[in-house]
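Structural characterization, general
Residue strings, one per chain:
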Amino acid sequence: MKTDTGDQTAKTIPTTGSVPVSIPTSLPISIPIEGMTCAACVGRVQRAVAKADGVEGVSVNLATEKAELALRDNAALQSAIDAVTDSGYGVPLEEFDLEIGGMTCASCVNRVEKALRKLPGLLDASVNLATEQAHVRFPVGAVSTADLIRAVEEAGYTAQLPVSSQSAAEERQQEAERKLQREKRTLAASILLTLPLVIPMLLEPFGFAAMLPGWWQLLLATPVQFLFGARFYKAAYHAVRAKSGNMDLLVSLGTSAAFGLSLYHLLTAGEHAHHAGLYFESSAAVITLVLLGKFLESRAKYRTTEAIRALQKLRPAMARVQKGNDFIETPVEQIRSGDVVMVRPGETVSVDGVIEEGESEIDESMLTGESLPVSKRKGDAVSGGSVNGSGMLLVRTTAVGAETMLSRIIRLVETAQAGRAPIQRLVDRISEVFVPVVLGVAVLTILAWGFLTGNWEQALIHGVAVLVIACPCALGLATPTAIMVGTGLGARLGILIRDAEALERAHAIQTILFDKTGTLTIGRPELVELIPISEDELASLIKAAALQKTSEHPLAHAVVKAAEKAGIDVPEATEVRALPGRGIEGKVGDSSLRLGSATMLEEMQLTLPAGEIIEPLNREGRTVSFLVDVHNRSILAILGFADMIKPTALKTIQKLKELKIHTAMLTGDNRASADRIAKDLPLDEVIANVLPEKKADVVKERRDRGEVVAMVGDGINDAPALAAADVSMAMATGTDVAMSSSGITLMNGNPLLIPDAIELSRRTYAKIRQGLFWAFIYNVIGIPLAAAGYLSPVLAGLAMALSSVSVVTNALLLRRWKPASMQTEKRPAH
């Protein structure tokens, strides 16, 4: 990657598969191009990119599959990439997180972002104060990790790649706990040294003259100022070096002014100087109070990541892997796909896999939010992190490491927590000018009080109060802490939120469009009616179940399940043969039977039963099958199948109506099937017979009318509609395609998670607004009061410490919320 931007003269770069093109060296960047096959491709890409806004030169090389760009600025890179993709080719992108150390407030966040965004080739950088991480995105190879880390370090902070192994994650958690303990010890020592200074000041209004001699005050205040307060000086130094400002600069300037003024009086007037000229208690108290606020803030931030830590603890370190006839204790990192793992009763499942042997009930509550254990048997899938019940299982591994469901869930939650909500943009603009404005107000305060009263000493103290009360921390923490608590709470409930934007936008949903199958309905047919024609109902059920016993067809499962529920011992059928597209045939005992559709009857030239029997089934949208005795050429029974409504679907629609949300069902099924569902559910609207590709058009039409639209689905055919919606929700019981297209994934089949997700969004958004309100109020009211002389530096320090703590604590209160899905007496397992 070329980084020399000083020479503005043009140069020519020889290329392969294209003519040389003049390249000005304004901002040279190299990006990879995917999909080129010949010189014509090179020319097509080159012409398209050359027309892009901000591109001053381009040379495309077929051999290296790269484009050398000269850009007016970094913002032009996105235009160039868009031009490549519009031409039918691709630019592979890379994105990852960096752990940032040393940030203390919103100003730090802006400084790190600016430093990263100056790097040539970087598309985007987003820094989160609460998670202390930076998320970066750039074309593959355009920026190196070393460049990113160096940019952060030059801005005055530290950066490193996050660790991903389980042992490293545990070490990181232990380090966070050790850091909290260090802060606690520092705070305790600072309090012990500060109390002898502050207590006499508090007793003085009551007539107690207990102020310590000046040199004793200096002895107590010095370690507080320069030992325990060293963190503020260090961070302030880096801020000044980067020609910026932050909270630490305000604290260090304010307390240094109070300490320096006190030291001057002590040295010039001696030990017996009147204590009114000494402000050691103010400087020490302010630092102690800020340390208290930082400790409480760190502890609260630590609690916001409890959801991630709880998920990480689900990963077992060891598992019993089959080696020949034995099972050997093996580290989970060494397990490979295809290995057979033994899971004993009560143990945590260590891998994603399929049950080879055994039967048990699995507790998946930490993964899906489903409170009831789920029955599992041979052939069923299990997920790592779930807890086995009373049966022993042998599980064949299908996914390990980063590919397991648990790892994917953790990544999704971490990505959402590190993301930035749209409302944060306002905060970013304010925090950019916050520290310079506060410094200006402090200087004006000192000058105004000095010239108006002539008491420059008191003027300096009022200026110190202004510096100390200003708190950009609260502004920087209000949004990310609420997002972290909201996404963490969602993960525990089985609501996986892909990004902060989805969480924020969901609060404004006006219309929800539901797919029918698998969303409002269970997604698998059940035998709901068996009408005997020429023999009794039980005999017909026995014969139908025997025919279907070995079939994998969904209708066959429904018949066998109905027989099992009736306690029938299903006999074996013989000479069983599938009739593709029509049904199945075989012998049960001495009877030759067929079970199939109306098409099968037509082929056998049998007359359909009377209309009064069939019509009600058709009106109800049932799928109809006929059991036929081939030898007697008679219909024995009619079977009616239906996809049943989920038990919590009715309460879901009722809850959405309480939230003032318009509900509509968008389905490709026929009108009869759709109306049957609508009859039982109080939907506001039913849209039937919609082809998969037209579902997205319905969503766009609603959005064009100004509605904020959510789409809920679970199948491949729902993916375009999910992508078109303002907010998309996918059932994790459906396909991976649907989940990858959604902003919110519901980890179990309970539709009550839909209003839960919306209410979680509304409550999270409310916490964001409350946090920003309090952050603004503290500063808008506190700074003028301090400038007017109504707040001492000690009170200003207390207010400043409380501002951040109150914002984070208010966000944590969200964890007390109990959603509708947890208030039902019984939640079904699907």
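Keep in mind that what you see is a predicted model, and the values were worked out from it rather than measured. (Residues numbered from 1 in each chain as written. Predicted model: local features only at pLDDT ≥ 70, side-chain atom pairs only at ≥ 80, totals over all residues. Heavy atoms only, no water.)

**Quick word on the overall build of the protein**
In terms of helices and strands, the protein carries 29 helices and 31 strands. For the protein, long-range pairs separated by at least 24 residues make up 69% of all intrachain contacts whose partners lie at least 6 apart in sequence. Per element, the accessible surface of the protein, about 36,200 Å² overall, is 56% carbon and sulfur. (Helix = DSSP H or I, 4+ residues; strand = E, 2+ residues; numbered from the N terminus. Contact = heavy atoms within 4.5 Å. Areas by Shrake-Rupley, 256 points an atom, 1.4 Å probe, with all protein chains shown as cover.)

**Re the sheet that holds strand S5 (residues 66-71)**
Strand order in the open sheet made by the 3 strands is S3-S5-S4, with antiparallel pairing throughout. Edge positions in the open sheet fall to strand S3 (28-32) and strand S4 (55-61), since each of these has one partner strand only. Strand-to-strand twist in this sheet, taken as the mean axis angle between neighbours without regard to direction, amounts to 20°. Where S4 lies against S5, 6 bridges are found, and the strand directions are antiparallel. If you follow Val60 over to S5, its bridge partner there is Ala67. Of the strands in this sheet, S4 and S5 are in contact with helix H1 (residues 39-50), which crosses S4 at around 170°. (Pairing = 2+ DSSP bridges. Axes fitted to C-alpha atoms, helices over the stretch in contact; angles between N-to-C directions.)

**Quick word on the pattern of salt bridges**
Applying the stated rule across the entire model yields 24 salt bridges. A salt bridge links Glu603 to Arg582; the nearest nitrogen and oxygen atoms lie 2.7 Å apart. One end of the pair, Glu603, is in helix H20 (residues 598-603); the other, Arg582, is in the loop between strand S22 (574-579) and strand S23 (583-588), with 21 residues separating them in the sequence. Between Arg594 and Glu585 there is a salt bridge, with the nearest N and O atoms lying 2.8 Å from each other. Residues joined in a network through salt bridges with shared partners are Glu501, Arg505, Arg703 and Asp726. (Salt bridge = Lys/Arg side-chain N within 4 Å of Asp/Glu carboxyl O.)

**Here's the deal with helix H3 (residues 106-117)**
A rise of 1.5 Å per residue sets the reference length of H3, with its 12 residues, at 16 Å; its end C-alpha atoms lie 17 Å apart and thus fit the reference within 8%. Along H3, 10 of the 12 residues are buried, which leaves the element largely enclosed by surrounding structure. (Expected span 1.5 Å × (residues − 1). Buried < 20%, exposed > 50% of the residue type's maximum accessible area, 1.4 Å probe, protein only.)

**Concerning the sheet that holds strand S31 (residues 744-746)**
Here 7 strands make up an open sheet; going across it, the order is S19-S31-S30-S29-S20-S27-S28 and the pairing mixed. Sheet topology places strand S19 (495-497) and strand S28 (685-687) at the edges, where each strand pairs with a single neighbour. With direction set aside, neighbouring strand axes in the sheet form an average angle of 20°. Judged from the 3 bridges that link them, strand S27 (residues 662-666) and S28 form a sheet pairing that is parallel. Note that in S28 the partner of Leu666 across the bridge is Ile687.

**Focus on helix H6 (residues 214-228)**
With 15 residues, H6 should reach 21 Å at 1.5 Å per residue; the first-to-last C-alpha distance of 21 Å fits that figure. At Ala221, H6 is deflected by roughly 30°, the largest bend along its length, and proline Pro223 occurs up to four residues later in sequence. Here H6 has its buried residues at Gly214, Gln217, Leu218, Leu220, Ala221, Val224, Gln225 and Phe228. (Bend = angle between axes of the 7 residues up to and from the residue.)

**As for the packing of H1 against helix H2 (residues 76-86)**
Packing of H1 against H2 leaves a shortest axis separation of 8 Å and a crossing angle of 140°. Viewed along their axes, H1 and H2 adopt a mutual orientation that is oblique. The chirality of how H1 crosses H2 is right-handed. Where H1 abuts H2, its residues Val45, Ala48 and Val49 lie against Ala80, Ala83 and Val84. Of the residues belonging to the contact of H1 with H2, the class tally is 6 nonpolar, no polar and no charged. (Parallel < 35°, antiparallel > 145°, perpendicular 65-115°, else oblique. Left-handed = near helix turned anticlockwise from the far one by under 90°. Nonpolar A, V, L, I, M, F, W, Y, C, P; charged D, E, K, R; others polar.)

**A closer look at the nonpolar core**
Counting 121 residues, the largest nonpolar core has Leu116, Leu148, Ile512, Met729 and Ile744 as the members making the most contacts within it. Among the elements that line this core, the one with the most residues is helix H27 (residues 753-787), at 11 residues. With near-sequence residues (within four places) excluded, Met729 lies in contact with Ile509, Met711, Val712, Gly713, Leu722, Ser742, Ile744, Leu746, Ile754, Ala757 and Ile758. Ranked by size, the runner-up nonpolar core spans 25 residues in total, among them Ile33, Leu69, Ala76 and Leu77. (Core = buried A, V, L, I, M, F, W, Y, C linked by side-chain atoms within 4.5 Å.)

**Some remarks on the UniProt feature "transmembrane region" (unreviewed entry) in the protein**
UniProt's entry tags residues 186-203, 215-233, 245-266, 278-296, 433-452, 464-489, 771-788 and 794-814 with the feature "transmembrane region" (unreviewed entry), counted in the numbering of this structure. Annotated as residues 278-296, this span is 89% helix and 0% strand, and its ends, taken at the C-alpha atoms, are 29 Å apart. Across residues 794-814, the secondary structure splits into 90% helix and 0% strand, with the terminal C-alpha atoms separated by 31 Å. (UniProt positions renumbered as here; feature names shortened; annotations may be inferred.)

**Some remarks on the packing of aromatic side chains**
What the rule picks out here adds up to 6 aromatic pairs. Considering the side-chain rings of Phe226 and Tyr233, the 5.8 Å spacing of their centres and the 20° angle between planes classify their relative orientation as stacked. Here Phe226 falls in the partly exposed class, since its relative accessible area comes to 45%. Note on Phe451 and Trp456: the rings are 5.1 Å apart at their centroids and 80° apart in plane angle, and the pair reads as edge-to-face. Counting every residue linked through ring pairs, the aromatic cluster contains Phe226, Tyr233, Phe259 and Phe280. (Phe/Tyr/Trp six-rings, centres within 6.5 Å; stacked < 30°, edge-to-face > 60°.)

**Remarks on the packing of helix H14 (residues 456-469) against H27**
Running from N to C, H14 and H27 point in directions that differ by 165°, and their axes come no closer than 8 Å. One way to sum up the angle between H14 and H27 is to call them roughly antiparallel. The way H14 lies across H27 gives a crossing that is right-handed. Facing H14, whose interface residues are His462, Ala465, Val466 and Ile469, H27 presents Asn779, Gly782, Ile783, Ala786 and Ala787. Along the lines of polarity and charge, the residues of the contact of H14 with H27 split into 6 nonpolar, 3 polar and no charged.

**Topic: the environment of Glu154**
Tracing the backbone through its elements, the reader meets Glu154 in helix H4 (residues 145-154). Counting along the chain gives 87 residues from Glu154 to Arg241, while the straight-line C-alpha distance between them is 8.8 Å.

**Digging into the state of the cysteines**
A full pass over the atoms with the stated rule returns 0 disulfides. The cysteine Cys38 is free of any disulfide, with Cys41 supplying the nearest cysteine sulfur at 3.8 Å. A residue is classified by how much of its surface remains accessible, and Cys41, at 8% relative accessible area, is buried. (Disulfide = S-S within 2.5 Å.)

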